[in-house]
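# Coordinate analysis (summary)
Spelled out, the chains give:
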Amino acid sequence: MPDVSVRRATVEDHAVVERLWWMFRHDMSEFDGALPDADGCFRQERLEAAFADPGWAPYLLLSDDRPAGLAFVRALDAPTRVLNSFFVVRGARRSGIGLRAVRQVVTRHPGPWEVAFQDVNAGAVAFWRRVATDLCGSAWNEERRAVPGRPDLPPDVWISFRASRQGAR
C-alpha cells in the first residue's frame, strides 16, 4: 500500500493544485455536463477561493511524495466544516488513498462536517458512505438538498458526520 500524506497547499503549490483541479473538473464533467471555457480551462472559482478566502483551506494529497489529489475545505470559520472538493487521481484510486487522505484532512479540524455529491456518481455515493461509516460508525446522516439557484438539477446528496482528532469512531 502506497504511503499517503496530506499537507496544506502553499502558494508554491498553486500550479500543481491547479492541474489537479482541471483533472477533477474533467472527471466531474461526466456528471454535470460542464465544458471548458473558450481557453480550454474549466471554471476555477473554488480553486481561487481555496487559496485566497478566509475560512478556506487547500490540501495537497501525496502518494509516495507525488501529487495524487486535492481537497478543498470551506467554512473553517463556521460551526460546520464543508469538504467542498475532493479528488484522487485515477491511477491512485481503489488503493485506500482516498479514505486515508480524508481521515487526515478531517482530523485536522475536529467537529461537525458535511460533504455533498450527486446520486448519479455511483463511485462517490459508495465512497462517501464508506468514509462516514469508517469515521463514525452509524452516527452519520444523509439527506438530499436542492442545489441553490439550479432548479434544473437534481438535488445534491449531503452526508453529515462528526470527526474527532483521532479520526475514528
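Computed from a prediction, not measured in an experiment: that's the story for all the values here.

### Here we look at the pattern of salt bridges
Any two side chains of opposite charge can pair if their charged atoms end up close together. Tallied over the full model, the rule gives eight salt bridges. Notably, a salt bridge pairs Arg129 with Glu142, separated by 2.8 Å at the nearest N-O pair. Here Glu142 lies in strand 6 (residues 141-145) and Arg129 lies in helix 4 (residues 122-136), a separation of 13 residues in the sequence. Given the relative accessible area of 32%, Arg129 is considered partly exposed. For Glu142, a relative accessible area of 27% corresponds to the partly exposed category. Between Arg144 and Glu142 there is a salt bridge whose closest N-O contact spans 3.2 Å.

### Some thoughts on the confidence of the model for the protein
Summarising the model, the protein shows a mean pLDDT of 87, and 89% of its residues fall at 70 or more. For the protein, the element scoring lowest by mean pLDDT is helix 1 (residues 14-32), at 81; strand 6 scores highest, at 96.

### Quick look at the nonpolar core
Core analysis: the biggest nonpolar cluster contains 32 residues, and Leu83, Phe86, Trp128 and Phe161 have the highest contact counts within it. Breaking this core down by element, the ones donating at least two residues are strand 1 (4-8), strand 2 (57-63), strand 3 (66-74), strand 4 (81-88), helix 3 (97-107), strand 5 (111-117), helix 4 and strand 7 (156-163). Considering every element that reaches this core, the biggest residue donor is helix 4, with eight residues. Aside from chain neighbours lying at most four places away, what touches Phe161 is Val106, Gly111, Pro112, Trp113, Val115, Leu135, Cys136 and Trp140. Core analysis: the second largest hydrophobic core is formed by 15 residues, Val17, Leu20, Ala49 and Leu62 among them.

### A few points about the sheet that holds strand 4
Taken together, seven strands build an open sheet; the order of strands is 1-2-3-4-5-7-6 and the sheet is mixed. One side of each edge strand has no neighbouring strand; the edge strands of this open sheet are strand 1 and strand 6. Averaged over all pairs of adjacent strands, the angle between strand axes in this sheet comes to 30°, irrespective of strand direction. Looking at chain direction, strand 5 and strand 7 are connected through seven bridges and run antiparallel.

### Describing the packing of aromatic side chains
Across all of its chains, the model carries four aromatic pairs by this definition. With a centroid separation of 5.5 Å and 20° between ring planes, the pair formed by Trp21 and Phe72 is classed as stacked. Here the residue Trp21 occupies a position in helix 1, and Phe72 occupies one in strand 3, the gap between them amounting to 51 residues. You can call Trp21 buried: its relative accessible area is 2%. Where Phe86 meets Phe127, the ring centres are 5.8 Å apart and the plane angle is 15°; that geometry is what we call stacked. Highlighted residues: Phe86 in strand 4 and Phe127 in helix 4, separated in sequence by 41 residues. The exposure class of Phe127 is buried, given its relative accessible area of 16%.

### Considering unusual backbone geometry
One non-glycine residue, Asp64, lies in the positive phi region at around 50°. Relative to the helices and strands, Asp64 is located in the loop between strand 2 and strand 3. Of note in this structure, Ala75 is not a glycine but carries a positive phi near 70°. Among the structural elements, Ala75 can be located in the loop between strand 3 and strand 4.

### Examining the packing of helix 3 against helix 4
What describes two packed helices is the angle between their axes and the distance between those same axes. Across the interface, helix 3 lies against helix 4 with an axial gap of 10 Å and an inter-helix angle of 55°. By the angle between their directions, the pair helix 3 and helix 4 is classed as oblique. For the pair helix 3 and helix 4, the crossing hand works out as right-handed. For the pair helix 3 and helix 4, the contacting residues are Gly98, Leu99, Val102, Arg103 and Val106 in the first and Phe127, Trp128, Val131, Asp134 and Leu135 in the second.

Here is what the cut-offs are and how they apply
- Residues numbered from 1 in each chain as written.
- Predicted model: local features only at pLDDT ≥ 70, side-chain atom pairs only at ≥ 80, totals over all residues.
- Heavy atoms only, no water.
- Salt bridge = Lys/Arg side-chain N within 4 Å of Asp/Glu carboxyl O.
- Helix = DSSP H or I, 4+ residues; strand = E, 2+ residues; numbered from the N terminus.
- Buried < 20%, exposed > 50% of the residue type's maximum accessible area, 1.4 Å probe, protein only.
- pLDDT = per-residue confidence, 0-100.
- Core = buried A, V, L, I, M, F, W, Y, C linked by side-chain atoms within 4.5 Å.
- Contact = heavy atoms within 4.5 Å.
- Pairing = 2+ DSSP bridges.
- Axes fitted to C-alpha atoms, helices over the stretch in contact; angles between N-to-C directions.
- Phe/Tyr/Trp six-rings, centres within 6.5 Å; stacked < 30°, edge-to-face > 60°.
- Parallel < 35°, antiparallel > 145°, perpendicular 65-115°, else oblique.
- Left-handed = near helix turned anticlockwise from the far one by under 90°.

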